[in-house]
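One letter stands for each residue in the lines below.
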Amino acid sequence: MRIRNLTIAALSAAMALTIAGCASNPTVNDEAANGQQATSQEQAAEATDATTDQASAPARTPEEELADPADLTIVDYGWFPAENGMVDFAVEVQNTNDTMEAVSPVIHAVAKDADGNVMFEKDVDVPAVLPDSTYYFSMVTGGDSGFMMTGQTEAAQPDSMEFTIETADDAWQQTDVTVGDIYQINDGGVSDTDFGAKEFTGTVTASDEVAGSDQSRVDVILFDSDGNIEGGFFKIVETTPGQAVDYDVYAMGAPDFASYQVYASPWLDDAE
């Protein structure tokens, strides 16, 4: 995956979006919340400590990274139950390597009941993560396709969720593409729809073409009052570099949240 004709200024811009999910130019909007759904603050703190340790370590050469890339890290995550045993979740993923892109990472999701019994385990494919980048992904997993056959009217919901991310040894590649400020997002705000969903609107502008794609992904990430992720929703939109296009992301069953941020990223045509 390659960004075409990124300028030096674009490559050095902060908080930018990358090839398949890196957050850029997030917009922030606060909303009064009646309550917050708890996320795993303890795990987020452990991940942050690990990232701090990596950042303080001596810089490695490209050859050293090629031989042994640093693992991706889930810094924070949040989730909430959806219908039919499904779970909506969002994660913040960091790649601390300077030269290594994780081409095909996989998130492993484990759902447990109140007694700690595993209800389901699912693997979720993640878009590629470029080096020296922070990504935000909102996704869906879980579900029990057989619950209707047992006479149940509603699938059981998990009491807790755990998320880890792994990249196979052969799913890394070196790249000189770095974080680029290739998206501009103008947040249009959030409103309530007649059918009970939250609607997030605005425009997104792609400043550079992405090889193999004329679409972009827009992720709306929800946060509690402490800045922890509650969950998220996303939509794929058609984009043409240099032209602003509208997005409308509908969030059905969204938890109470204190703020949100909108991120955009290229969506490759062959992405699943």
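Parameters at a glance
Residues numbered from 1 in each chain as written. Predicted model: local features only at pLDDT ≥ 70, side-chain atom pairs only at ≥ 80, totals over all residues. Heavy atoms only, no water. Pairing = 2+ DSSP bridges. Helix = DSSP H or I, 4+ residues; strand = E, 2+ residues; numbered from the N terminus. Axes fitted to C-alpha atoms, helices over the stretch in contact; angles between N-to-C directions. Phe/Tyr/Trp six-rings, centres within 6.5 Å; stacked < 30°, edge-to-face > 60°. Buried < 20%, exposed > 50% of the residue type's maximum accessible area, 1.4 Å probe, protein only. Salt bridge = Lys/Arg side-chain N within 4 Å of Asp/Glu carboxyl O. pLDDT = per-residue confidence, 0-100. Contact = heavy atoms within 4.5 Å. Core = buried A, V, L, I, M, F, W, Y, C linked by side-chain atoms within 4.5 Å. Polar contact = N/O pair within 3.5 Å; in protein donor to acceptor, adjacent residues only side chain to side chain. Patch = residues over 30% accessible without salt bridge, like charges linked within 9 Å, V, L, I, M, F, W, Y side chains within 5 Å. Areas by Shrake-Rupley, 256 points an atom, 1.4 Å probe, with all protein chains shown as cover. Lys, Arg positive; Asp, Glu negative; His and termini not counted. Charge placed at Lys NZ, Arg CZ, Asp CG, Glu CD.

Enquirer: Quick one: what's the story with the sheet that holds strand 11 (residues 198–206), residue by residue and with numbers?
Expert: Strand order in the open sheet made by the 3 strands is 10-11-14, with antiparallel pairing throughout. Looking at strand neighbours, the two that pair on one side only are strand 10 (183–192) and strand 14 (244–251), the edges of this open sheet. On average, each strand axis in the sheet is inclined to that of its neighbour by 20 degrees, with strand direction left out of account. Examined bridge by bridge, strand 10 and strand 11 share 9 bridges and lie antiparallel to one another. In the strand pairing of strand 11, N186 is matched with T203.

Enquirer: Run through unusual backbone geometry, naming residues and quoting values.
Expert: At D132, a residue that is not glycine, the phi angle is positive and equals roughly 55 degrees. Within the secondary structure, D132 sits in the loop between strand 6 (118–125) and strand 7 (133–142).

Enquirer: Lay out the packing of aromatic side chains in plain terms, naming residues and giving numbers.
Expert: According to the stated counting rule, one finds 9 aromatic pairs in the structure shown. Pairing F200 with Y260 gives two aromatic rings, centres 4.8 Å apart and planes at 70 degrees, and the pair type is edge-to-face. Note that F200 is positioned in strand 11 and Y260 in strand 15 (residues 259–267), a separation of 60 residues in sequence. A relative accessible area of 0% places F200 in the buried class. Y260 gets classed as buried once you look at its relative accessible area, which sits at 0%. Members of the aromatic cluster, connected to one another through ring pairs, are Y77, F89 and F163.

Enquirer: Talk me through the pairing of strand 15; I want residue IDs and the actual numbers.
Expert: With respect to burial, strand 15 is a largely interior element, 9 of its 9 residues being buried. Bridging between strand 12 (residues 215–223) and strand 15 involves 9 bridges; their strand directions are antiparallel. Bridge pairing in strand 15 places I221 opposite Q261.

Enquirer: Could you give an account of the pattern of salt bridges, with specific residues and numbers?
Expert: Counted under the stated rule, the structure contains 4 salt bridges. For D219, the salt bridge is made with R217, and the minimal N-O distance between the two is 2.5 Å. The partner of K235 in a salt bridge is D248, with the nearest N and O atoms 2.5 Å apart. With K235 in strand 13 (residues 229–238) and D248 in strand 14, the pair connects residues that are 13 residues apart, well separated along the chain.

Enquirer: How would you summarise the confidence of the model for the protein chain if you had to cite specific residues and measurements?
Expert: Chain-level statistics for the protein chain give a pLDDT mean of 78 and a share of 69% at 70 or above. Strand 8 (residues 160–166) holds the highest mean pLDDT among the elements of the protein chain, 97, whereas helix 1 (residues 8–12) holds the lowest, 30. Low confidence marks residues 2–28, where pLDDT is under 50. Its contacts with residues over four positions away, or in another chain, come to 96 contacts.

Enquirer: Report on the nonpolar core, specifying residues and quantitative values.
Expert: With 26 residues, the main nonpolar core has F89, V91, V93, I107, F137, M161 and F163 as its most contacted residues. Counting only elements with at least two residues in this core, the list comes to strand 2 (73–81), strand 3 (86–95), strand 4 (100–102), strand 5 (106–112), strand 6, strand 7 and strand 8. The element that contributes the greatest number of residues to this core is strand 3, accounting for 4 residues. In contact with I107, not counting residues within four places along its chain, are F89, V91, K122, D123, V124, V126, F163, T164 and I165.

Enquirer: Before we move on, can you summarise the side chain of S133 with the specific residues and values?
Expert: Positionally, S133 belongs in strand 7. Here L130 takes part through its backbone oxygen, which lies 3.1 Å from a polar atom of the side chain of S133. One polar contact links the side chain of S133 to the main-chain carbonyl oxygen of P131, over a distance of 2.7 Å.

Enquirer: Which residues make up a negative patch on the surface, and what values do they have?
Expert: The grouping of D68, D71, E121, D123, D125, E166, D169 and D170 at the surface amounts to a negative patch. Looking at the negative patch, the element that brings in the most residues is strand 6, giving 3 residues.

Enquirer: Outline the side chain of N95, listing residues and values.
Expert: Topologically, N95 is positioned in strand 3. A distance of 3.2 Å separates the side chain of N95 from the backbone oxygen of V129, its partner in a polar contact. Leaving out residues up to four positions away in the same chain, N95 has contacts with L72, M100, E101, A102, V129, L130, P131, D132, S133 and W172.

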